Amino acid sequence: MRRAAQEHGFTLIELLVSMALALVVFGATLSAFDVFQSNTRFDVLRNEAQDNARNAIDRLARDFRNVAAPKSEPEIPGALERAEPYAVTFQTIRDSAPSKESKNKTNAKRVRYCLDASTPSNEVLWRQVRNWPETAPPVPTATECPDLKGEDWESSSRLAQHITNENGGQKRALFTYGPKGATEVSQILTVEPTIYINVNPSQPRPGETQLTSSVSLRNANRQPTATFTWKLKSLQRVLLNASESVDPDGLALTYKWTEGAKVLPSTAQVWETETGLLSVGNHSITLEVTDPGGLTSKETKVVEVK
């Protein structure tokens, strides 16, 4: 009777080759798994960073749409108090109603958004807030972000991080103001925040994301322009005409005429002075126009009466 066929085992070389192949396959599997885990982690971080940035832009837009645009001292017309590429300061309305004891009748507060670019690969967007019981304090002049010195701000909070607006020396502005060509804060009517997000800027993946929006400053109050002409009508009678005075927001203006320090008895846009009110000679006539928000503009001319 024949014995069952013999079963020979692996030789040492075959075993070593099998182990080497298994190690290669296992190593490749672990590498792929590690890459998958890394990509998943960065995807989660990117989603969180993008969500925080979107929430920050939404919050900023709400503040802009509720801009108080008051006249402040020194007089700053327009909706914004300071407008810079990486910071913006303005007054907006508080979320809660004022207390009965509060003398802050407009219920306004000051808000500042700024970008901390001290770490270009991970810049941080900050929001700073200041309330007051009576009148608004002077506009802070500090340029650092966040400004944590003194009593300029009551609270400071991080809104978003992993921002790369200045990464690699690119100097991409966080805030762009319109209309294009505006040279003064009072001329600004729109603000466009643009945030670049990259949770891993040293690597090509997951890459950079750009988030942008545009907000119209619907409560902007721009300074009016006062201008007038004069014409000698008859002996000691002058026609003063301020019809060319304009308010850029289309608001109604009030008019005040003065001769030197003396207030003349008219608030009309076009006024013919009474006979004898102005004596023969030269007179310094000033027109002051005021809009409903309290912003003013003046023009002075020398009027010759014959």
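Predicted model only: the values in this text are computed from it and were never measured. (Residues numbered from 1 in each chain as written. Predicted model: local features only at pLDDT ≥ 70, side-chain atom pairs only at ≥ 80, totals over all residues. Heavy atoms only, no water.)

S.K.: Could you clarify how one ought to interpret the state of the cysteines in this entry?
M.R.: Each disulfide is one covalent bond, formed between the sulfur atoms of two cysteines. Applying the stated rule across the entire model yields one disulfide. Two residues, C114 and C145, share a disulfide whose sulfurs are 2.0 Å apart. Judged by the sign of its S-S torsion, about 80°, the cystine formed by C114 and C145 is right-handed. You can see C114 sitting in strand β3 (residues 108-116) and its partner C145 sitting in the loop between β4 (123-130) and β5 (155-163), a full 31 residues away along the chain. For the pair shown, C114 and C145 are each scored as buried. (Disulfide = S-S within 2.5 Å. Helix = DSSP H or I, 4+ residues; strand = E, 2+ residues; numbered from the N terminus. Buried < 20%, exposed > 50% of the residue type's maximum accessible area, 1.4 Å probe, protein only.)

S.K.: I tried to follow the pairing of strand β10 (residues 229-234) on my own but got confused; where do I start?
M.R.: The side chains of a regular strand alternate between both faces of the sheet. Sheet analysis places β10 next to strand β11 (residues 237-241), joined by five bridges and oriented antiparallel. Residue K231 lies in a different strand from β11, and its bridge partner there is L239. (Pairing = 2+ DSSP bridges.)

S.K.: Help me out: how do you make sense of the confidence of the model for the protein in this one?
M.R.: Parts of the prediction with low pLDDT should not have their coordinates interpreted in detail. Here the protein averages 85 in pLDDT, while 91% of its residues score no lower than 70. When the elements of the protein are averaged for pLDDT, helix α1 (residues 12-65) gives the smallest value, 83, and β4 the largest, 96. (pLDDT = per-residue confidence, 0-100.)

S.K.: Even after reading the chapter, I still don't get the pattern of salt bridges, so can you show me in this structure?
M.R.: Side chains carrying opposite charge are able to pair once their charged atoms draw close together. This model, assessed by the stated rule, comprises eight salt bridges. D51 is the partner of R54 in a salt bridge, and the nearest nitrogen-oxygen pair spans 3.4 Å. Taken as a pair, R54 and D51 lie in helix α1 at a separation of three residues, close to a single helical turn. The partly exposed category is assigned to R54, whose relative accessible area is 38%. Among the ionic pairs, E208 bridges to R172, the shortest N-O distance being 2.9 Å. A residue pair is termed long-range when its members are at least 10 positions apart, and E208 in the loop between β7 (190-197) and β8 (209-212) and R172 in the loop between β5 and β6 (175-178) qualify at 36 residues. Relative accessible area serves as the criterion here: at 16%, R172 is assigned to the buried category. (Salt bridge = Lys/Arg side-chain N within 4 Å of Asp/Glu carboxyl O.)

S.K.: So what exactly am I meant to see when it comes to the sheet that holds strand β13 (residues 262-263) here?
M.R.: Backbone-to-backbone hydrogen bonds join strands into a sheet, with any given pair of strands oriented parallel or antiparallel. Read from one edge to the other, the open sheet built from four strands follows the order β13-β12-β15-β16, with strand pairing classed as antiparallel. Two strands lie at the open edges of the sheet, namely β13 and β16 (296-305), each paired on one side alone. Relative to β16, strand β15 (residues 281-290) runs antiparallel, the two sharing 10 bridges. Within the sheet, the bridge partner assigned to I285 lies in β16 and is K301.

S.K.: Help me out: how do you make sense of the pairing of β4 in this one?
M.R.: Counting buried positions over the eight residues of β4 gives eight, a clear majority of the element. Of the pairings in the sheet, the one linking β3 to β4 comprises seven bridges and is antiparallel in character. Bridging from a neighbouring strand, Y113 pairs with R127 of β4. Where β3 folds back onto β4 in an antiparallel hairpin, the turn is made up of six residues. Summarising the sheet, β4 and β5 pair through six bridges and their orientation is antiparallel. Bridge pairing in β5 places Q128 opposite S156.

S.K.: How do you make sense of the environment of K171 when you look at a structure like this?
M.R.: In this structure, K171 sits in the loop between β5 and β6. Since its relative accessible area comes to 56%, K171 is described here as exposed. Taking the C-alpha atoms as reference points, K171 and P85, separated by 86 residues in sequence, lie 9.3 Å from one another. Apart from residues lying up to four places away in sequence, K171 is in contact with Y86, N165 and E166. Within the structure, the side chain of K171 is placed 2.9 Å from the side chain of E166, a separation counted as a polar contact. (Contact = heavy atoms within 4.5 Å. Polar contact = N/O pair within 3.5 Å; in protein donor to acceptor, adjacent residues only side chain to side chain.)

S.K.: Sorry, what's going on with the packing of aromatic side chains here?
M.R.: Two aromatic rings are characterised by how far apart their centres lie and by the angle between their planes. Overall, the coordinates contain three aromatic pairs when judged by the stated rule. Between F90 and Y113 the ring centres are 6.3 Å apart and the planes differ by 10°, which places this aromatic pair in the stacked class. You can see F90 sitting in strand β2 (residues 87-93) and its partner Y113 sitting in strand β3, a full 23 residues away along the chain. With relative accessibility at 0%, the residue F90 sits in the buried group. Both rings, one in F228 and one in W257, keep their centres 5.3 Å apart while their planes meet at 85°; by these two values the pair is edge-to-face. Residue F228 is located in the loop between β9 (215-216) and β10, and its partner W257 is located in strand β12 (residues 254-259); the two are separated by 29 residues in the primary sequence. With a relative accessible area of 1%, F228 lands in the buried category. Among the aromatic residues, those joined into a cluster by ring pairs are F64, F90 and Y113. One cation-aromatic arrangement involves R172 over Y196; the distance from NZ or CZ to the ring centre is 3.8 Å. A cation sits over an aromatic face here: K301 above F228, 5.2 Å from the ring centre. (Phe/Tyr/Trp six-rings, centres within 6.5 Å; stacked < 30°, edge-to-face > 60°. Lys NZ or Arg CZ within 6 Å of the ring centre and 35° of its normal.)

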